[in-house]
There are 2 protein chains.
Amino acid sequence: MRGQKIGFIGLGIMGASMASNLLKGGFEVHVYNRSPLKANSLAEQGAKVALSIASLADEVDRLLLCVTDDHAVEEIIFGPEGVIESGCEIRSIIDFSTISPSSAREFGSRLEEIGVSYLDAPVSGGDVGAREGTLTIMAGGSEIDFEQAKDVFTWLGRKIVHTGPVGSGQLTKCVNQLVVAINVAAMTEGLLFAQESGLDLVKTLDVVSSGAAGSWALTNYAPRIVAHDMRPGFYAKDMLKDLRIALAEADAEDLPAPVSSLVKELYTAMCRSEDANLGNHALISLYRKMLREE
Amino acid sequence: MRGQKIGFIGLGIMGASMASNLLKGGFEVHVYNRSPLKANSLAEQGAKVALSIASLADEVDRLLLCVTDDHAVEEIIFGPEGVIESGCEIRSIIDFSTISPSSAREFGSRLEEIGVSYLDAPVSGGDVGAREGTLTIMAGGSEIDFEQAKDVFTWLGRKIVHTGPVGSGQLTKCVNQLVVAINVAAMTEGLLFAQESGLDLVKTLDVVSSGAAGSWALTNYAPRIVAHDMRPGFYAKDMLKDLRIALAEADAEDLPAPVSSLVKELYTAMCRSEDANLGNHALISLYRKMLREE
């Protein structure tokens, strides 16, 4: 349903690109961001900039969120200056943030009570996927809410999956992040072994990436490490945050996750330093510190 | 150089298929196996079956090995009934077995002293790769020995890499196996999380395999687990053996490998039971035992 009015809150690396793609899709996009400067570039692209959540909520009946954490989502929806308290007409919320599955379930049921639909729809694919509209979207909620969100999803993602009821989007994201983090650790220990045993790294990667050891991490991150490029495609600190969410969920389910837990501890150690702001593939920097006698 | 005489010792799942492909390549292949029954099918394909290592060594000047472990390689080459003691004319040995890098180096230098060339050339690609001649071959040795082995390698592998001096083939295999094992653990903990949190496994795999969490393990093993197919493409007990080799090497280099070590401990636990004879992807069976109150 093109031309429909949409509110978008959270114009970080991901959110700004997503809002931009919705403008290209012909939506009337009203944006709000806590740091208003980030809205400038979108205003140039045709977005209408709201100065408060309440004023944005007055203009639209659908709200999209892409913010940092559970607390930010809660403040925007239920806080004293949030959407609900503003007495607005918003009837539908799509939350692209990565938050805990239990928070998503709680937000979903509180909203259901007051007749507002909620989809938890975390994404993966990073800055590139957001920019190119090729994200993977894992959406939890009712079948009908999912169907009604497709006009938006189509402009943002390539792989769009209805994962189940509210919360299941976040659970699926947990699975994804657990596997990514461990695969990064696999790449790290493999590269380090190769390096310390004097192997040619480029040859080794060529051999190892092509067979049973192959992974997205090995193909995409290992060459960056060989090139000493530790810039973030995805922040190490966000990997730690996502691991914390996933492992808190596992813990609540009495589910042992020994390897994930160890990898989380490694990210915890790594993120005590400025390395938190490097890419998640820079985990190898922690190992290199271990190798030195400092 | 087609038509050349070649000796092949070790007709397990891998070796039998490799010898068969060399027959197709036009080589005169003389085979020997400790359990002689395994040579029957190759005899039907045209291989000449030797009744002892010494009698095989009398017929050929190149020897190929694909056996279980360091001890087996040592016995065949240097043992009282082995190749060297037989006083034969073998001038070149290609060892496809996965053994420790230090054993490979030792064998290589002992052979060099008596004028016999040695390549350590472990493979990956499993039973399918061996059958179809699409193995990855990681060959360590001199440039000239590598070049002279290409007539053989061509019939066995698709990706054929000269990794460096003797021992470097095994070191590269170590890297490969460390990464495979950890990727399997990643898949295992991801699948288990999905299962225990009530997600649809097929949908979850569809989402997770396609993005940054993707891996060969996830694509190839996870569907087998969903289908309860734990048959070995690669034995769990061989994964444990390879992890032991790699981690002994890491230990000798004072190289910390925390995640690899934890995964090795998990395989150690798994391989105490009959599950040792399942596929390496059956690691999830260990976790399932942890989940039950037994």
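Source: prediction; values computed, not measured.

Once that is clear, we can look at the relation of the copies chain B and chain A. In this structure, two copies of a chain are linked by a rotation about an axis accompanied by a shift along it. Expressed as a screw transformation, the operator carrying chain B onto chain A has a rotation angle of 180 degrees and an axial translation of 0.0 Å, and the superposed copies differ by an RMSD of 0.1 Å. The superposition operator between the copies reduces to a two-fold rotation axis. Rotation axis and chain B: the residue whose C-alpha lies nearest the axis is Ser-215 of chain B, separated from it by 1.9 Å. When the interface residues of chain B are mapped onto chain A, 100% of them are again interface residues, pointing to one common binding face.

This brings us to the interface of chain B and chain A. If you look at the interface, chain B gives 57 residues, while chain A gives 57 residues. For the pair chain B and chain A, the two sides together bury roughly 4,900 Å², of which 74% comes from carbon and sulfur. Among the residues of chain B in contact with chain A, Glu-189, Phe-193 and Val-207 of chain B are the three that bury the most area, contributing 14% of the side total. Linking chain B with chain A are two salt bridges, by the criterion used here. Across the salt bridge formed by Asp-206 of chain B and Lys-159 of chain A, the nearest N and O atoms sit 3.0 Å from each other. Linking chain B with chain A are twelve residue pairs in polar contact (both at pLDDT 80 or more). For the side of chain B that touches chain A, the secondary structure elements donating two or more residues are β8 (135-140), β9 (157-164), α8 (168-196), α9 (201-209), α10 (216-220), α12 (236-252), α13 (258-270) and α14 (284-291) of chain B. Counting residues per element, the side of chain B that touches chain A draws most heavily on α8 of chain B, which supplies 19 residues. Grouping the amino acids of the side of chain B that touches chain A by side-chain chemistry returns 35 nonpolar, 15 polar and seven charged.

Inspection of helix α9 (residues 201-209) of chain A places Thr-204, Leu-205, Val-207 and Val-208 of chain A among the buried residues, and these make up the whole buried set. With its buried residues spanning 165 degrees around the axis, α9 of chain A presents them on a single face. Summarising the contacts, the buried residues of α9 of chain A are in contact with α8 (168-196), α10 (216-220) and α11 (222-226) of chain A together with β8, β9 and α8 of chain B. For α9 of chain A, the N-terminal capping position is held by Asp-200 of chain A, with its side-chain oxygen 3.0 Å away from the main-chain nitrogen of Val-202 of chain A.

Turning next to the environment of Asp-242 of chain B. All names here are of chain B. Take Asp-242: it is sitting in helix α12. Sequence separation between Asp-242 and Lys-173 is 69 residues, and the spatial gap between their C-alpha atoms is 8.7 Å. Other than its neighbours up to four places away in sequence, Asp-242 contacts Thr-98, Lys-173, Gln-177 and Phe-234.

So, about the packing of α8 of chain A against helix α13 (residues 258-270) of chain A. Residue and element names in this part refer to chain A. The interhelical angle for the contact between α8 and α13, taken along N-to-C directions, is 70 degrees, at an axis separation of 10 Å. Classified by the angle their axes make, α8 and α13 are roughly perpendicular. On α13, the residues that touch Leu-178, Ala-181, Ile-182, Val-184 and Ala-185 of α8 are Val-259, Ser-260, Val-263 and Tyr-267. Considering only residue class, the contact of α8 with α13 consists of eight nonpolar, one polar and no charged.

Moving on: the packing of aromatic side chains. Under the defined criterion, the tally for this structure stands at ten aromatic pairs over all chains. Note on Phe-78 of chain A and Phe-107 of chain A: the rings are 5.8 Å apart at their centroids and 45 degrees apart in plane angle, and the pair reads as tilted. With a gap of 29 residues between them, Phe-78 of chain A in helix α4 (residues 70-78) and Phe-107 of chain A in helix α5 (residues 101-113) connect regions that are remote in the sequence. Across this residue pair, the class does not change: Phe-78 of chain A and Phe-107 of chain A are buried. Each ring, one from Phe-96 of chain B and one from Phe-153 of chain B, has its centre 6.1 Å from the other, and the planes form 70 degrees; the classification is edge-to-face. Residue Phe-96 of chain B is located in the loop between β5 (92-95) and α5 (101-113), and its partner Phe-153 of chain B is located in helix α7 (residues 143-153); the two are separated by 57 residues in the primary sequence. In this structure Phe-96 of chain B comes out as buried when scored by relative accessible area, which is 2%. Taking the relative accessible area as the measure of exposure, Phe-153 of chain B reaches 0% and is therefore buried. Three or more aromatic residues joined by ring pairs make a cluster, and in this case those are Phe-8, Phe-96, Phe-146 and Phe-153 of chain A. One residue, Arg-110 of chain B, lies across the ring of Phe-78 of chain B, its end atom 3.8 Å from the ring centre.

A surface patch of like charges, here negative, comprises Asp-58, Glu-59, Asp-61 and Glu-89 of chain A. In this structure, Glu-89 of chain A sits in the loop between α4 and β5 (92-95).

As a further point, take the domain arrangement of chain A. Residue and element names in this part refer to chain A. Once the domains are mapped, chain A shows domain 1 (5-164) and domain 2 (171-293). For domain 1 and domain 2, the distance between their C-alpha centres works out to 29 Å. Each partner contributes residues to the interface: domain 1 has 14 residues there, and domain 2 has eleven residues. Summed over both partners, the interface of domain 1 with domain 2 comes to about 960 Å²; 59% of that surface belongs to carbon and sulfur atoms. For domain 1, the biggest contributors to the area lost against domain 2 are Thr-98, Pro-101 and Met-138; these three give 45% of the whole.

Let's shift gears to the confidence of the model for chain A. Of all residues in chain A, 98% attain a pLDDT of 70 or more, and the chain-wide mean is 95. Across the interface, the model reports ipTM at 0.94; the global pTM reads 0.93.

What follows is about the environment of Ile-13 of chain A. Residue and element names in this part refer to chain A. By secondary structure assignment, the location of Ile-13 is in helix α1 (residues 13-24). Residues Ile-13 and Ala-248 lie 235 residues apart in sequence; the distance between their C-alpha atoms is 26 Å. In contact with Ile-13, not counting residues within four places along its chain, are Asp-127 and Tyr-235.

Parameters at a glance
Residues numbered from 1 in each chain as written. Chains lettered and ligands numbered in written order. Predicted model: local features only at pLDDT ≥ 70, side-chain atom pairs only at ≥ 80, totals over all residues. Heavy atoms only, no water. Least-squares fit on C-alpha atoms with pLDDT ≥ 70 in both. Contact = heavy atoms within 4.5 Å. Buried area = accessible area lost by both parts, 1.4 Å probe. Salt bridge = Lys/Arg side-chain N within 4 Å of Asp/Glu carboxyl O. Polar contact = N/O pair within 3.5 Å; in protein donor to acceptor, adjacent residues only side chain to side chain. Helix = DSSP H or I, 4+ residues; strand = E, 2+ residues; numbered from the N terminus. Nonpolar A, V, L, I, M, F, W, Y, C, P; charged D, E, K, R; others polar. Buried < 20%, exposed > 50% of the residue type's maximum accessible area, 1.4 Å probe, protein only. Arc of directions from axis to C-beta. Axes fitted to C-alpha atoms, helices over the stretch in contact; angles between N-to-C directions. Parallel < 35°, antiparallel > 145°, perpendicular 65-115°, else oblique. Phe/Tyr/Trp six-rings, centres within 6.5 Å; stacked < 30°, edge-to-face > 60°. Lys NZ or Arg CZ within 6 Å of the ring centre and 35° of its normal. Patch = residues over 30% accessible without salt bridge, like charges linked within 9 Å, V, L, I, M, F, W, Y side chains within 5 Å. Areas by Shrake-Rupley, 256 points an atom, 1.4 Å probe, with all protein chains shown as cover. Lys, Arg positive; Asp, Glu negative; His and termini not counted. Charge placed at Lys NZ, Arg CZ, Asp CG, Glu CD. Domains from an automatic or database assignment. pLDDT = per-residue confidence, 0-100.

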